[in-house]
Amino acid sequence: MIEVKGIHKNFGRLEVLKGIDFHVSEREVVCVIGPSGSGKSTLLRCINQLETVQSGRVFIDGVEVTNPKTDINLLRQQVGMVFQLFNLFPHKTTLENITMAPVILKGMPKEQAEEIAIGLLRKVGLPDKDHVYPAQLSGGQKQRVAIARALAMHPKVMLFDEPTSSLDPEMVGEVLAVMKDLAHEGMTMVVVTHEMGFAREVGHRVIFMDEGVIMEEGTPCAIFDNPQNPRTQSFLSKVL
Amino acid sequence: MSITPYPMMFGATLWEKLNSINGFNVVVSNWDYFLEGGLVTLELTVLSITAGMVLGLIIALMKLSRWRLLSSVAVIYIDFFRGTPLLVQIMLFHFGILPLFVDTGPFLSGVIACSLNSAAYVAEIVRAGIQAVDRGQMEAARSLGMNGSQAMRYVILPQAYKIVVPPMINEFVMLLKDTSLVSVIAVSELAHRGKLLYSTTFEPTWVWGAVCVVYYIMTKTISMMGDWVERRLATE
Ligand SMILES: Nc1ncnc2c1ncn2[C@@H]1O[C@H](COP(=O)(O)OP(=O)(O)OP(=O)(O)O)[C@@H](O)[C@H]1O
Ligand SMILES: [Mg+2]
């Protein structure tokens, strides 16, 4: 579903991604872990071209996103993204946040989009919050709305960039539960996370990144219980 | 001899005193002349700020554009109109540039010069407003598949406009005062009428004082309306 081939990314002189290769199959959940500044967010943002790469290629469902001829806007409609800081549209109600993209981009009738949005709000456990503005929601609720907003476009893939890192601890669970449901429904997901419990339980594969390279990857059991790379070992000893 | 009550005595003598002052009579007997001048000023200002807002928005978007050519044109435009005096721009357009293309009267020349000038200030206000919207908003919009203009229209501008309202009201007030400069091309607005009346009556304090009062009433009204709009936006 996602194929990343030898991507390099620089910010000016700073080389953030130094040749990354990996593959995500359909219905697979891949968790990306690693220390701060290792390039996890950048990698995720290169997948949907929020950042352009210096070299290397990225394919989603067989389409090369790094090809300048690809209609990137059309492609992004199929790739949902969830941000650390939610990035909900504060001037719109939760319902409007969710219906906006389908109405504008797919020309969906408003009533149909709202029906779908209400279904999605129910799915993320917020059935009664449809006419509320983001400012009136807690962090965990905001992130669940953000997930619903991304799902409204019926994406083939969901990218999560530390979706629980800015949440109070008591709200982390409700967001992870929604993500877990999504994984069980067979959504293809790439999740950058510091929640090792989630990575172990829900992830099919774990990638450990450090200094712009993939140091180690494998099943959650292999990475968490029997890490081979000394960097992985020292990282895990700090966070577990 | 009967004693007049103090306030009445005071009122009567004050009125009599004022009436004996020539400047006061000049102002009172010309009140409609000032009022009409104020209306011309208001008309100039409203036309110019409206055109300036439309043009300013376009120039702001050009300046933020990724296309070098567009952004350079916007930068040069803003630099020119903010870096040279409006008084000089008015004369340049009225006597120099506009007659090459069309025959505009002084009023239209004044509106054009003030619009072009105001657009430069509006462009900077709008640009600052757009850039004050959190970067994550643009990213969220783009990640959903919106193109740049859809994201601008549905996500960024609706949030920028709240940030833009207070400085825009300030620009409105500044422009109203600056339209006095079109008196140089004999547009019959408030300042020009003051000049004429002064030159026939030689009552500078009374005439210019009255002109100040009319300007003040207009600017105060605009800023009070602005405060009201701001309060409404804040509670929204
Ligand atoms: N837009 C940018 N301009 C310049 N440097 C950047 C930019 N974005 C990220 N970087 C740098 O790239 C490096 C990798 O950043 P990235 O955000 O990918 O790390 P991360 O692994 O997601 O870290 P964290 O766990 O803190 O989110 C960091 O050194 C960061 O300072
Ligand atoms: Mg990050």
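Preceding block: the structure.
What this report covers is the structure whose coordinates are included nearby. (Residues numbered from 1 in each chain as written. Chains lettered and ligands numbered in written order. Predicted model: local features only at pLDDT ≥ 70, side-chain atom pairs only at ≥ 80, totals over all residues. Heavy atoms only, no water.)

1. As for the environment of Phe198 of chain A
Residue and element names in this part refer to chain A. Test applied: Counting from the N terminus, the helices are the DSSP runs of H or I reaching at least four residues and the strands are the DSSP runs of E reaching at least two. Only protein chains enter the calculation, and the probe is 1.4 Å; a residue is then buried if its accessible area is under 20% of its type maximum, exposed if over 50%, and partly exposed in between.
Within the secondary structure, Phe198 is located in helix H7 (residues 196-202). Overall, the relative accessible area of 5% leaves Phe198 in the buried class. Spatially, the C-alpha atom of Phe198 lies 9.4 Å from that of Met179, the residues being 19 residues apart in sequence.

2. Focus: the packing of helix H2 (residues 22-29) of chain B against helix H3 (residues 31-64) of chain B
Residue and element names in this part refer to chain B. To keep things clear, this is the line we draw: Think of each axis as a best-fit line through the C-alpha atoms, taken over the contacting stretch in the case of a helix, with angles from 0 to 180 degrees between the N-to-C directions. The labels follow the angle: roughly parallel below 35 degrees, roughly antiparallel above 145, roughly perpendicular from 65 to 115, and oblique for the rest. Any two residues whose heavy atoms approach within 4.5 Å at even a single point are treated as in contact. Any residue that is not Ala, Val, Leu, Ile, Met, Phe, Trp, Tyr, Cys, Pro, Asp, Glu, Lys or Arg is counted as polar, Gly included; the first ten are nonpolar and the last four charged.
Close contact between H2 and H3 brings their axes to 4 Å; oriented N to C, the two are set at 55°. One finds that H2 runs oblique with respect to H3. Taken together, the residues of H3 that come into contact with H2 (itself represented by Val27, Val28 and Ser29) are Trp31, Asp32 and Phe34. Residues of the contact of H2 with H3, tallied by class, amount to four nonpolar, one polar and one charged.

3. Some remarks on helix H4 (residues 68-83) of chain B
Where we set the bar: One fewer than the residue count of a helix, multiplied by 1.5 Å, yields its expected span.
For H4 of chain B, built from 16 residues, the straight-helix expectation of 22 Å at 1.5 Å per residue is met to within 8% by its first-to-last C-alpha distance of 22 Å. Turning to H4 of chain B, the residues buried within the fold contact H3, helix H5 (86-101) and helix H6 (106-132) of chain B.

4. Brief notes about the state of the cysteines
For clarity, the threshold we go by: A pair of cysteine sulfur atoms is labelled a disulfide when the two atoms are within 2.5 Å.
This structure, assessed with the given rule, holds zero disulfides over all chains. We note that Cys31 of chain A lacks a disulfide partner, and the nearest cysteine sulfur, in Cys221 of chain A, lies 13 Å from it. Assessed through its relative accessible area of 0%, Cys31 of chain A is described here as buried. Cys212 of chain B carries a free sulfur, and the closest cysteine sulfur to it, the one in Cys114 of chain B, is 19 Å from it. By relative accessible area, Cys212 of chain B is classed as exposed at 51%.

5. Remarks on the interface of chain B and chain A
Stated formally: Once two parts are brought into contact, the accessible area they lose, counted with a 1.4 Å probe and summed over both, makes up the buried area. One side-chain nitrogen of Lys or Arg within 4 Å of one carboxyl oxygen of Asp or Glu is enough to make a salt bridge. Pairing of N or O atoms within 3.5 Å defines a polar contact, subject to two protein rules: one partner must be a possible hydrogen donor and the other a possible acceptor, and residues neighboring in sequence count only if both atoms are side-chain atoms.
Taken together, the contact between chain B and chain A spans 18 residues of the former and 22 residues of the latter. Surface buried jointly by chain B and chain A totals about 1600 Å² across both partners, of which 61% is contributed by carbon and sulfur atoms. Linking chain B with chain A are one salt bridge, by the criterion used here. Between the two partners, chain B and chain A, sit five residue pairs in polar contact (both at pLDDT 80 or more). At the level of secondary structure, the elements contributing two or more residues to the side of chain B that touches chain A comprise helix H7 (135-143) and helix H8 (148-178) of chain B. At eight residues, the largest contribution of residues to the side of chain B that touches chain A is made by H7 of chain B. Partitioned by chemical class, the residues of the side of chain B that touches chain A number seven nonpolar, seven polar and four charged.

6. Observations concerning the sheet that holds strand E10 (residues 213-218) of chain A
Residues and elements named next belong to chain A. The test is simple: Note on pairing: DSSP must find at least two bridges between two strands before they are called paired.
One open sheet accounts for six strands, arranged E6-E7-E8-E3-E9-E10; its pairing is mixed. Across the chains shown, the open sheet's two edge strands, defined by having one partner strand only, are strand E6 (79-82) and E10. Shown here is a sheet whose adjacent strand axes are inclined to one another by a mean of 15°, direction ignored. Pairing geometry for strand E7 (residues 157-161) and strand E8 (residues 188-192), over five bridges, is parallel. Residue pairing in the sheet places Met158 in a bridge with Met189 of E8. On the sheet, helix H1 (residues 40-47) packs against strand E3 (29-33), E6, E7, E8 and strand E9 (205-210) and is oriented at approximately 155° with respect to E7.

7. Concerning the site of ligand 1
Residue and element names in this part refer to chain A. Cut-off, in case you're wondering: We call a residue near a molecule or strand as soon as one heavy atom of that residue lies within 4 Å of the molecule or strand. Using a 1.4 Å probe, accessible areas were evaluated by the Shrake-Rupley method; residue-level cover was limited to the displayed protein chains.
By nearness alone, 13 residues border ligand 1, and Ser36, Gly37, Lys40, Ser41 and Thr42 come closest of all. The backbone of Ser38 places a nitrogen or oxygen atom 3.2 Å from an oxygen atom of ligand 1. At a separation of 2.8 Å, an oxygen atom of ligand 1 approaches a polar side-chain atom of Lys40. In isolation ligand 1 has 630 Å² of accessible area, and contact with the protein removes 62% of it. Only strand E2 (14-24) and H1 provide two or more residues apiece to the shell around ligand 1. Counting residues per element, the shell around ligand 1 draws most heavily on H1, which supplies three residues. Of the residues that constitute the shell around ligand 1, the class distribution is four nonpolar, seven polar and two charged.

8. What about the environment of Leu42 of chain B?
Residue and element names in this part refer to chain B. With respect to the helices, strands and loops of the structure, Leu42 is situated in helix H3. Note on Leu42: relative accessible area 31%, which makes it partly exposed. Spatially, the C-alpha atom of Leu42 lies 8.0 Å from that of Met218, the residues being 176 residues apart in sequence. Residues contacting Leu42, with those up to four places away along its chain left out, are Leu176 and Met218.

9. Observations concerning the pairing of E9 of chain A
Residue and element names in this part refer to chain A. With six of its six residues buried, E9 lies for the most part within the structure. Burial of the side chains of E9 extends over both faces: Arg205, Ile207 and Met209 are buried on one face and Val206, Phe208 and Asp210 on the other. With five bridges joining them, E9 and E10 adopt antiparallel strand pairing. What sits directly across from Asp210, in E10, is Val213.

10. Points about the pattern of salt bridges
Residues and elements named next belong to chain A. Tallying each qualifying case throughout the model produces 19 salt bridges over all chains. Here Arg205 ties to Glu28 by a salt bridge, and the two come within 2.8 Å at their closest N and O atoms. In this pair, Arg205 is assigned in strand E9 and Glu28 in the loop between E2 and E3, connecting sequence segments 177 residues apart. Accessibility classification places Arg205 together with Glu28 in one group, the buried group. The residue Arg205 makes a salt bridge to Glu217 at a minimum N-O spacing of 2.4 Å.

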